[in-house]
2 protein chains.
Amino acid sequence: MDNNSVRDKVLAAIRQYDMLTGCKSVTVAVSGGADSVALLHSLKMLEKELGFELSACHVNHNLRGEESDGDEAYVRSLCRELDVPLRVFSVDVTGSVAKHQSTEERARELRYEAFAEISRELGSKVATAHNACDNTETVLLNLLRGTGLKGLCGIPPVRDYLIRPLLLCTREEIEEYCGENGLRYVTDSTNASTAYTRNKIRLELMPRLLEINPSLHEGVGRMTFALGEDSRFLEEMAENAIAEAKAGDGVYLCEKLHSLPEPILHRVISLMLREKDVEPTSLRITGFSEIIKSGTGKINIEKNKFAVVRKGVAEVQVIPQNYRKKIT
Amino acid sequence: MDNNSVRDKVLAAIRQYDMLTGCKSVTVAVSGGADSVALLHSLKMLEKELGFELSACHVNHNLRGEESDGDEAYVRSLCRELDVPLRVFSVDVTGSVAKHQSTEERARELRYEAFAEISRELGSKVATAHNACDNTETVLLNLLRGTGLKGLCGIPPVRDYLIRPLLLCTREEIEEYCGENGLRYVTDSTNASTAYTRNKIRLELMPRLLEINPSLHEGVGRMTFALGEDSRFLEEMAENAIAEAKAGDGVYLCEKLHSLPEPILHRVISLMLREKDVEPTSLRITGFSEIIKSGTGKINIEKNKFAVVRKGVAEVQVIPQNYRKKIT
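Rules behind the numbers
- Here the residue numbering is sequential within each chain, running from 1 through the sequence in written order.
- Naming scheme: in the order in which they are written, chains are lettered from A and ligands are numbered from 1.
- Only residues with pLDDT of at least 70 are given local features in this predicted model, and only at 80 or more are side-chain atom pairs given and counted; all residues enter the totals for whole chains, interfaces and linings.
- Values reported for side chains reflect all heavy atoms of the structure, with hydrogen atoms and water molecules removed beforehand.
- The least-squares superposition of copies is restricted to C-alpha atoms, and to residues with a pLDDT of at least 70 in both copies.
- For this analysis, residues touch if any pair of their heavy atoms sits within 4.5 Å.
- Nonpolar cores were defined as sets of buried Ala, Val, Leu, Ile, Met, Phe, Trp, Tyr and Cys residues, with membership established by side-chain atoms within 4.5 Å.
- Think of it in three bands: residues with accessible area under 20% of the maximum for their type are buried, residues over 50% are exposed, and the middle band is partly exposed, with areas taken using a 1.4 Å probe on protein chains only.
- Starting at the N terminus, helices and strands are each numbered in turn, a helix being any DSSP run of H or I of at least four residues and a strand any DSSP run of E of at least two.
- Asp and Glu count as negative and Lys and Arg as positive, but His and the ends of the chain are not part of the count.
- Here a salt bridge means any side-chain nitrogen of Lys or Arg lying within 4 Å of a carboxyl oxygen belonging to Asp or Glu.
- In protein, a polar contact means a hydrogen-donor-capable atom and an acceptor-capable atom, both N or O and within 3.5 Å, with residues adjacent in sequence counting only if both atoms are side-chain atoms; elsewhere, any N or O pair within 3.5 Å suffices.
- Gly counts as polar in this scheme, as do all residues outside two lists: the nonpolar Ala, Val, Leu, Ile, Met, Phe, Trp, Tyr, Cys and Pro, and the charged Asp, Glu, Lys and Arg.
- Two rings from Phe, Tyr or Trp (for Trp, the six-membered ring) form a pair when their centres are within 6.5 Å of each other. A pair whose planes differ by under 30 degrees is stacked, one over 60 is edge-to-face, and the rest are tilted.
- By definition, being over a ring means that NZ of Lys or CZ of Arg is both within 6 Å of the ring centre and within 35 degrees of the ring normal.
- The convention used is that axes are lines fitted to C-alpha atoms, helices contributing only their stretch in contact, and that angles between N-to-C directions extend from 0 to 180 degrees.
- What sets the label is the angle itself: under 35 degrees gives roughly parallel, over 145 gives roughly antiparallel, 65 to 115 gives roughly perpendicular, and the rest give oblique.
- For any pair of crossing helices, the crossing counts as left-handed if the nearer helix is rotated counterclockwise from the farther one by less than a right angle, and right-handed if it is rotated clockwise.
- Strand pairing is assigned whenever DSSP detects at least two bridges linking the two strands.

Novice: Can you walk me through the relation of the copies chain B and chain A in this structure?
Specialist: Copy one and copy two of the chain differ by a rotation about an axis and a translation along that axis. With an RMSD of 0.1 Å, the fit of chain B onto chain A corresponds to turning through 180° and sliding 0.1 Å along the axis. Both chain copies can therefore be described as sitting about a two-fold axis. Taking the C-alpha atom as reference, chain B places leucine 205 of chain B closest to the rotation axis, 3.5 Å from it. Looking at the interface residues of chain B, 100% of them are also at the interface in chain A, so both copies use one shared face.

Structure (structure tokens):
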């Protein structure tokens, strides 16, 4: 196996992002696709060397009838073959999907609920098989939407108990690895029908970008890593700042807010809006920032929610619906 | 004229980026192309309202024979027509181009030297005609190279005496503006032969990206603005930190460096490398950071240059060439 193999890159990612410190148990989320199969296999190769206990989980979404059950059966046989204990979750997506929610979103929710359960019960890290191409696609998707720093950080290599050890490997390398190691994998028929934009990026843009820069994924990987550090640092400063400015429940001292540098103030306002379930759009942040600076003001930011600055404090006020009816 | 016209967006950019505070004189760099012609015309419309004195400059690079002189003649006639004082610089690019330098680079150098001269003599801001599409292209170009936060900030709206009031306008809007206002403009025959990558981005990628998100340029514009704030804030923190850590010429206290958060330490190391004319690649920054953290070490970062940490200080050492010969 050459120096750039998936196994080595998985090891590099584990070290670079400090994925396994203080953790003796890793559960791989295995769908049966090339990515998760390669991840399971490479972590099996590293199990002894790194001294963790490997297990797997599979979430059967029951969305594709026999095909779903076939995937589950394949994952069961693979885990037996590799001698990895497996836990299978069978979930009812269609029966539990909420209004205004796509099947895909609900499936994702249930999947991550299963991961959380596994992590709680086994005290393990849960490894998902996102790769370098997924990361680049996510960055482009967010760039196309005109995201801020956070969106440009791509897929987080580590978040709580979740780890993504395949983030340094491209889809090509992963498929090659499966081939070299005689690993079969399933192809999800719904993959072809995922979101329009991501598909356009994957199929139309990516080949052209790779033509311009064949090592695009490495470059973007380095970039998202550095941006992630910048972003976390600024977020931490904002969390400290909002704690310092707090004068009561949801009420913040203007005096403290005034003295914050622009990028921190914007993040603090974003936290204040999120506290009241308001999406922090750049328009709302700018508006709120302006009345904070002017020392007084009130702006309607959402149906019955107002950003209010007066008597030296700033807050997001939520007017109860019936009260609202009276005054309108 | 509608609400989104070039004139209104120029005004919005001037206000948003605070381009004219404390400045009574603006010189537009006019090549004669659609962008600079539209910029000159729209600033002429705003001259009285904003109370600055408008002038223009044109740099004749003498690279395209009669075509160059034709451009100059057109700019002269346009400025006469709009009653804007004009200064023309005639520069010798081919006769002064350095080894390992492209004609294009040298032309750019001479152009910005002329802008600096104008700014010194008239005490004016120099307005260049970079537009929203140029900004998006620059971001994509840097993204493709795997840039850091700085590269994602795009074209700075304000840098020293330079201002870019067209940054909120797309190429399309600018050409429409020229049409509506009966403004003729020249087309630079070398535009078609500019850098391969930028052209690929402009001609092949951009149409596809705009298909996915028709308001791409606005989104990227908002993004680069916010990222610019983040970036400048982090750079300022780094400049303060390096000043605090300084123990002598090019020598910095490890004790101070140790205590810096990662994103600031990386920027400080980047500054230390630049001080000794070393390009701060991520590999060099990571290596230097590691020996700073370990408290001692020496790494070869470039031919005769070393990153050295010992006795509590860190520095970039440059070994004189003849000394190097002796020891090798």
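The structure having been displayed, the exposition proceeds.
Novice: In this structure, what is going on with the nonpolar core? I would like to understand it.
Specialist: Generally speaking, nonpolar side chains in soluble globular proteins are found buried as a group. Core analysis: the largest hydrophobic core is formed by 86 residues, its most contacted members being Leu257, Val268 and Phe288 of chain A together with Leu257, Val268 and Phe288 of chain B. If near-sequence neighbours (up to four positions away) are discounted, phenylalanine 288 of chain B is found in contact with Ile269, Met272, Leu273, Ile299, Ala307, Val308, Val309, Ala314, Glu315 and Val316 of chain B.

Novice: Explanation requested: the side chain of lysine 125 of chain A in the structure shown.
Specialist: All names here are of chain A. Along the chain, lysine 125 turns up in strand 4 (residues 125–127). Despite its burial, lysine 125 pairs with no opposite charge, the nearest such side chain being aspartate 18 at 8.4 Å. Among residues more than four places away in sequence, those in contact with lysine 125 are Met19, Leu20, Cys23, Ser25, Val26, Thr27, Asp160, Tyr161 and Ile163.

Novice: Would you mind going over the interface of chain B and chain A with me for this structure?
Specialist: Accessible area lost during the coming together of the parts is what is often quoted as the interface size. Counting residues at the interface gives 38 residues for chain B and 38 residues for chain A. In this structure, the connection of chain B to chain A is made through 6 salt bridges. At the surface where chain B touches chain A, the tally comes to 8 residue pairs in polar contact (both at pLDDT 80 or more). The element contributing the most residues to the side of chain B that touches chain A is helix 9 (residues 216–245) of chain B, with 11 residues. Grouping the constituent residues of the side of chain B that touches chain A by class yields 20 nonpolar, 8 polar and 10 charged.

Novice: I tried to follow the packing of aromatic side chains on my own but got confused; where do I start?
Specialist: Here the distance between the centres and the angle between the planes together describe a pair of aromatic rings. Residues and elements named next belong to chain A. Evaluation of the coordinates by the stated rule reveals 4 aromatic pairs over all chains. On the numbers, 5.0 Å between centres and 70° between planes, the contact of tyrosine 17 with phenylalanine 225 is edge-to-face. Here phenylalanine 225 lies in helix 9 (residues 216–245) and tyrosine 17 lies in the loop between helix 1 (6–16) and strand 1 (25–29), a separation of 208 residues in the sequence. Look at tyrosine 17 and you get buried, because its relative accessible area is 13%. With 5.0 Å between their ring centres and 70° between their planes, tyrosine 112 and phenylalanine 115 make a pair best called edge-to-face. Taken together, the residues span about one helical turn, with tyrosine 112 and phenylalanine 115 both in helix 4 (residues 103–122) at a distance of 3 residues. Owing to a relative accessible area of 4%, phenylalanine 115 belongs among the buried residues under this scheme. Here lysine 298 stacks its cationic end above the ring of phenylalanine 306, 4.8 Å away from the centre of that ring.

Novice: Teacher, can you tell me more about the packing of helix 1 of chain A against helix 2 (residues 34–50) of chain A here?
Specialist: A pair of packed helices can be characterised by two numbers: the angle between their axes and the separation between those axes. All names here are of chain A. Taken N-terminus to C-terminus, the directions of helix 1 and helix 2 make an angle of 55°; their axes are 9 Å apart at the nearest point. Comparing the axis directions of helix 1 and helix 2 gives the class oblique. Remark: the crossing between helix 1 and helix 2 carries right-handed chirality. Judged by residue contacts, Val6, Arg7, Val10, Leu11, Ile14 and Arg15 of helix 1 engage Ser42, Leu43, Met45, Leu46, Glu49 and Leu50 from helix 2. A class-by-class count of the residues in the contact of helix 1 with helix 2 yields 8 nonpolar, 1 polar and 3 charged.

Novice: Honestly, the pattern of salt bridges in this entry has me stumped. Any pointers?
Specialist: Opposite charge on two side chains permits pairing when their charged atoms draw close. Overall, the coordinates contain 48 salt bridges over all chains when judged by the stated rule. Across the salt bridge formed by lysine 9 of chain A and glutamate 173 of chain A, the nearest N and O atoms sit 2.7 Å from each other. Of the two residues, lysine 9 of chain A is situated in helix 1 and glutamate 173 of chain A in helix 7 (residues 171–180); the sequence distance between them amounts to 164 residues. By relative accessible area, lysine 9 of chain A is classed as buried at 13%. In this structure, lysine 305 of chain B engages glutamate 302 of chain B in a salt bridge whose closest nitrogen and oxygen atoms are separated by 3.5 Å. Glutamate 302 of chain B gets classed as partly exposed once you look at its relative accessible area, which sits at 25%. A single network of salt bridges, built from pairs that share partners, joins Asp134, Glu137, Arg171, Arg198 and Arg202 of chain A.

Novice: Help me understand the environment of cysteine 57 of chain B in this model?
Specialist: Residues and elements named next belong to chain B. Its place among the elements puts cysteine 57 in strand 2 (residues 53–60). Classification of cysteine 57 as buried rests on a relative accessible area of 1%. Residues cysteine 57 and glutamate 218, spaced 161 residues apart in sequence, show a C-alpha to C-alpha distance of 29 Å.

Novice: What should I look at first to understand the pairing of strand 10 (residues 305–310) of chain B in this one?
Specialist: Looking along a regular strand, one sees side chains alternate from face to face of the sheet. Residues and elements named next belong to chain B. With respect to burial, strand 10 is a largely interior element, 5 of its 6 residues being buried. Direction of pairing for strand 9 (residues 297–302) relative to strand 10: antiparallel, over a ladder of 5 bridges. Across the sheet, the residue bridging to glycine 297 is valine 309, located in strand 10. The hairpin turn running from strand 9 into strand 10, its antiparallel successor, is 2 residues long. Direction of pairing for strand 10 relative to strand 11 (residues 313–318): antiparallel, over a ladder of 6 bridges. In the strand pairing of strand 11, alanine 307 is matched with valine 316. Once strand 10 ends, the chain turns through 2 residues before running back antiparallel as strand 11, passing lysine 311 with a positive phi of about 50°.

Read these as spatial facts, not as claims about activity.
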